[in-house]
Amino acid sequence: MHNPTTVLVTLTAALAALPAAHAGLYAKNSPVIQLNAATYDKLIAKSNYTSIVEFYAPWCGHCKNLQPAYEKVAKSLDGLAKVAAIDCDEESNKQFCSMQGVKGFPSLKIVRPGKKSGRPVVEDYNGERTAAAISQAVAAKINNHVTRVTSNELAGFLEGDKPKAILYSNKGTTSPLLRSIAIDFLDVISVAQIRDKEAAAVKHFNIEKFPTLVLIPEGKDPIIYDGAMDKKEIVKFLSQVGEPNPDPAPPKKKADQPKAKGKATGEKKSKNPKEEKPVEDKASAESESSTSSAETTADTAIPSIIPIASLSTQEELAKECLERKSHTCLLVFTPSEETEIGTKAVGALSHINTKYVHSKRRLFPFFHITRESEAASTLPRALQLSAEVSMVAINSRRGWWRQYEGDFSHQSVENWIDAIRMGEGSKNKLPAGIVIEPTETAASSSEATEATKAEAEPEVETEAVKEETVEDVKEETVEDVEEEAVEEEEEKIIHEEL
Ligand SMILES: *[C@@H]1O[C@H](CO)[C@@H](O)[C@H](O)[C@H]1NC(C)=O
């Protein structure tokens, strides 16, 4: 039967089922600049502005989680720095991403102009992935072309034939906003900042309040700005003496001959066949062992998987996860003999653990417990975990637990972990009697056993995991959400203060 509605429905369903290989993470109207291998040079590498570039893949869970925060960054840095993203899953971008040394998604790199145009300084951003932290880090990297001038230096600064702009300020630092203005007018207007304490310099232009912006056109009387402390308005005011530099630069008369290096349009034959090999599929890209970059062909080793720790006794389990002050723990229960599903589950966690350790990011600890061990003698029954392999997250401090449901694939487990980090999804209340209340005697006796245990048996955990466990992980979980109000406040500060 060829009912047109049926056909349409079928077609829509078929389209929806297609892998969204070419659908980027960011909508057309997103404040995030969307790059490709061909536009990176012009929009980022040759810019006078500092940029942050996210290398992502649309299917990656962490990339999806970052998206709202990253769009916030773009809004908060609007006019101050460039916030851009490139879809490394897009066929034509794969080689470029690989040449940029991208080994996992998302990768964030801060790119700022170096001494030579088109040769930017590129640094990895490995800090917290919150809008506030990223915005601050990028703002701090905005090149500073603002001259700090003292009373003694004022006459010298005012010499020369270019127009000048001076911000009189009671601050000892130069704001991102003023630095961005100096970048707009590079080689057009010399921009300076003078501290309120410089009495003679303050008197020179009869400055009465701080901040005050003065424009000194060539051979004309100075003009005091009295508009809003808003980037657009200030740029308009300064433009009366010269146009800001267009960014990107307009094309030169001679057709811009793309240089082979740093371009990855794919047209050029590479001498090294490895260089041509694109990131093959999700799995290989995600494993952070993707294709070699141009510079590091020789030493790109596959990072060895850092296995998760195991717990075998009730006491260990209690100490790590079930005390009243314990933060989130992730536990996977498997049969002691190897099973396909058990191996898959532990493998997924080890994989994710490796990723976090390599990117020096903190996450709650993961533990493996076999069903036959003493550590599994009460908890699985109390939580009614009947499946052969069960994965649960448990937070004794807040009294909740939740169970993973899925096929134990890397991606599915990672999505679940992300949801926990973001405080999304429903939680179950921990049944009574699971969380261990520290009593006077219990505390001292556990301290005693601690001391003897330390001597008696070696630590079970691997180095890397131990490091993660020691850290206070609370910022990585539910509380992330609660920080947003604070972030909003900080964004305003970046943008508005001069
Ligand atoms: C960068 O600054 C120089 C002056 O140093 C200017 O000539 C050029 O047009 C600027 N380029 C862009 C892309 O803004």
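Look up: the structure comes first, before these words.
About the cut-offs
Residues numbered from 1 in each chain as written. Predicted model: local features only at pLDDT ≥ 70, side-chain atom pairs only at ≥ 80, totals over all residues. Heavy atoms only, no water. Helix = DSSP H or I, 4+ residues; strand = E, 2+ residues; numbered from the N terminus. Buried < 20%, exposed > 50% of the residue type's maximum accessible area, 1.4 Å probe, protein only. Contact = heavy atoms within 4.5 Å. Areas by Shrake-Rupley, 256 points an atom, 1.4 Å probe, with all protein chains shown as cover. Pairing = 2+ DSSP bridges. Right-handed = clockwise from strand over helix to strand, strands pointing away. Core = buried A, V, L, I, M, F, W, Y, C linked by side-chain atoms within 4.5 Å. Disulfide = S-S within 2.5 Å. Axes fitted to C-alpha atoms, helices over the stretch in contact; angles between N-to-C directions. Phe/Tyr/Trp six-rings, centres within 6.5 Å; stacked < 30°, edge-to-face > 60°. Lys NZ or Arg CZ within 6 Å of the ring centre and 35° of its normal. Near = heavy atom within 4 Å. Polar contact = N/O pair within 3.5 Å; in protein donor to acceptor, adjacent residues only side chain to side chain. Nonpolar A, V, L, I, M, F, W, Y, C, P; charged D, E, K, R; others polar. Parallel < 35°, antiparallel > 145°, perpendicular 65-115°, else oblique. Left-handed = near helix turned anticlockwise from the far one by under 90°.

Asker: Any chance you could break down the overall build of the protein chain for me, citing the residues and the numbers?
Answerer: Per the secondary structure count, the protein chain includes 19 helices and 16 strands. The proportion of buried residues among the 498 residues of the protein chain is 43%. Long-range pairs, those at least 24 residues apart, make up 76% of the contacts in the protein chain with a sequence separation of at least 6. Carbon and sulfur atoms make up 53% of the accessible area of the protein chain, which totals about 26400 Å².

Asker: Any chance you could break down the pairing of strand 2 (residues 51-56) for me, citing the residues and the numbers?
Answerer: Summarising burial for strand 2: six of the six residues are buried, a large majority. Both faces of strand 2 are covered, namely the face carrying Ser51, Val53 and Phe55 and the face carrying Ile52, Glu54 and Tyr56. When strand 2 meets strand 3 (residues 82-87), the two strands line up parallel, connected through six bridges. The residue of strand 3 that forms the bridge with isoleucine 52 is valine 83. As a crossover connection, the stretch from strand 2 through helix 3 (residues 61-76) into strand 3 is right-handed. Across five bridges, the pairing between strand 2 and strand 4 (residues 107-112) is antiparallel. Counterpart to phenylalanine 55 in the pairing with strand 4 is serine 107.

Asker: Go over the nonpolar core, please, and point to the residues and values.
Answerer: Counting residues in each nonpolar core, the largest one holds 63 residues, and the members touching the most others are Ile52, Val53, Tyr70 and Leu238. Tallying contributions element by element places helix 3 first for this core, with six residues. Filtering out sequence-adjacent residues up to four positions away, leucine 238 remains in contact with Ala165, Ile181, Phe185, Ile189 and Leu215. Counting 22 residues, the second-largest nonpolar core is a separate cluster that includes Val346, Tyr356, Leu363 and Tyr404.

Asker: Can you break down the state of the cysteines residue by residue, with the values?
Answerer: In total, this model carries three disulfides according to the counting rule given. Between the sulfur of cysteine 321 and that of cysteine 329 lies a disulfide, 2.2 Å long from S to S. Measuring handedness by torsion sign, the sulfur bridge of cysteine 321 and cysteine 329 sits at about -85° and is left-handed. Here cysteine 321 and cysteine 329 have matching classes, each one buried. Cysteines bonded in the protein chain are numbered consecutively along the chain; their disulfide partners then correspond to 1-2, 3-4, 5-6.

Asker: Which residues make up the pairing of strand 9 (residues 212-216), and what are the values?
Answerer: Burial within strand 9 is extensive, with five of its five residues counted as buried. Of the two faces of strand 9, the one lined by Thr212, Val214 and Ile216 and the one lined by Leu213 and Leu215 are each fully buried. Bridge analysis of strand 7 (residues 164-169) against strand 9 gives five bridges, and the strand direction is antiparallel. Bridging across to strand 9, lysine 164 finds its partner in isoleucine 216. In the sheet, strand 9 pairs with strand 10 (residues 223-224) via two bridges, with the strands oriented antiparallel. When the sheet's bridge partners are listed, valine 214 is paired in strand 10 with isoleucine 224. Adjacent in sequence and paired antiparallel, strand 9 and strand 10 are bridged by six residues, among which glycine 219 carries a positive phi angle near 60°.

Asker: With reference to specific residues and values, describe the sheet that holds strand 2.
Answerer: Ordered in space as 1-3-2-4-5, the five strands form an open sheet in which the pairing is mixed. Only two strands of the sheet have a single neighbouring strand rather than two, namely strand 1 (33-35) and strand 5 (121-124). When the angles between neighbouring strand axes are averaged without regard to direction, this sheet yields 30°. With three bridges connecting them, strand 1 and strand 3 associate as parallel partners. The residue of strand 3 that forms the bridge with glutamine 34 is alanine 85.

Asker: Outline the packing of aromatic side chains, supporting the account with residue identities and numerical values.
Answerer: A full pass over the atoms with the stated rule returns nine aromatic pairs. Aromatic pair tyrosine 26 and tyrosine 56: ring centres 5.7 Å apart, planes at 85°, arrangement edge-to-face. One end of the pair, tyrosine 26, is in the loop between helix 1 (4-17) and strand 1; the other, tyrosine 56, is in strand 2, with 30 residues separating them in the sequence. We classify tyrosine 26 as buried; its relative accessible area is 5%. For the ring pair tyrosine 225 and phenylalanine 237, a centre distance of 4.8 Å and an interplane angle of 50° mean the geometry is tilted. Residue tyrosine 225 is located in the loop between strand 10 and helix 9 (231-238), and its partner phenylalanine 237 is located in helix 9; the two are separated by twelve residues in the primary sequence. Assigned by exposure class, tyrosine 225 and phenylalanine 237 land together as buried. Put simply, the rings of Tyr26, Tyr56 and Tyr70 touch in pairs and so form one group of aromatic residues. Lying over the aromatic face of tryptophan 400, lysine 427 brings its terminal NZ or CZ to 5.4 Å of the ring centre.

Asker: Tell me about the site of the ligand, and please be specific about residues and values.
Answerer: Around the ligand, a shell composed of Lys46, Asn48, Leu186, Asp187, Asn245, Pro246 and Ala249 is seen. A distance of 3.3 Å is found between an oxygen atom of the ligand and a backbone nitrogen or oxygen belonging to proline 246. With the chains in place, 68% of the 360 Å² that the ligand exposes on its own is no longer accessible. Per-class residue counts for the shell around the ligand are three nonpolar, two polar and two charged.

Asker: Would you mind going over the packing of helix 3 against helix 5 (residues 131-140) in detail, with residue names and values included?
Answerer: The geometry of helix 3 relative to helix 5 is characterised by a closest axis approach of 9 Å and an angle of 40° between their N-to-C directions. Taken together, the axes of helix 3 and helix 5 are oblique relative to one another. The interaxial crossing formed by helix 3 with helix 5 has right-handed handedness. Between helix 3, through Leu66, Ala69, Lys72, Val73 and Ser76, and helix 5, the contact on the second element is made entirely by Ala131, Ile134 and Ser135. By residue class, the composition of the contact of helix 3 with helix 5 is five nonpolar, two polar and one charged.

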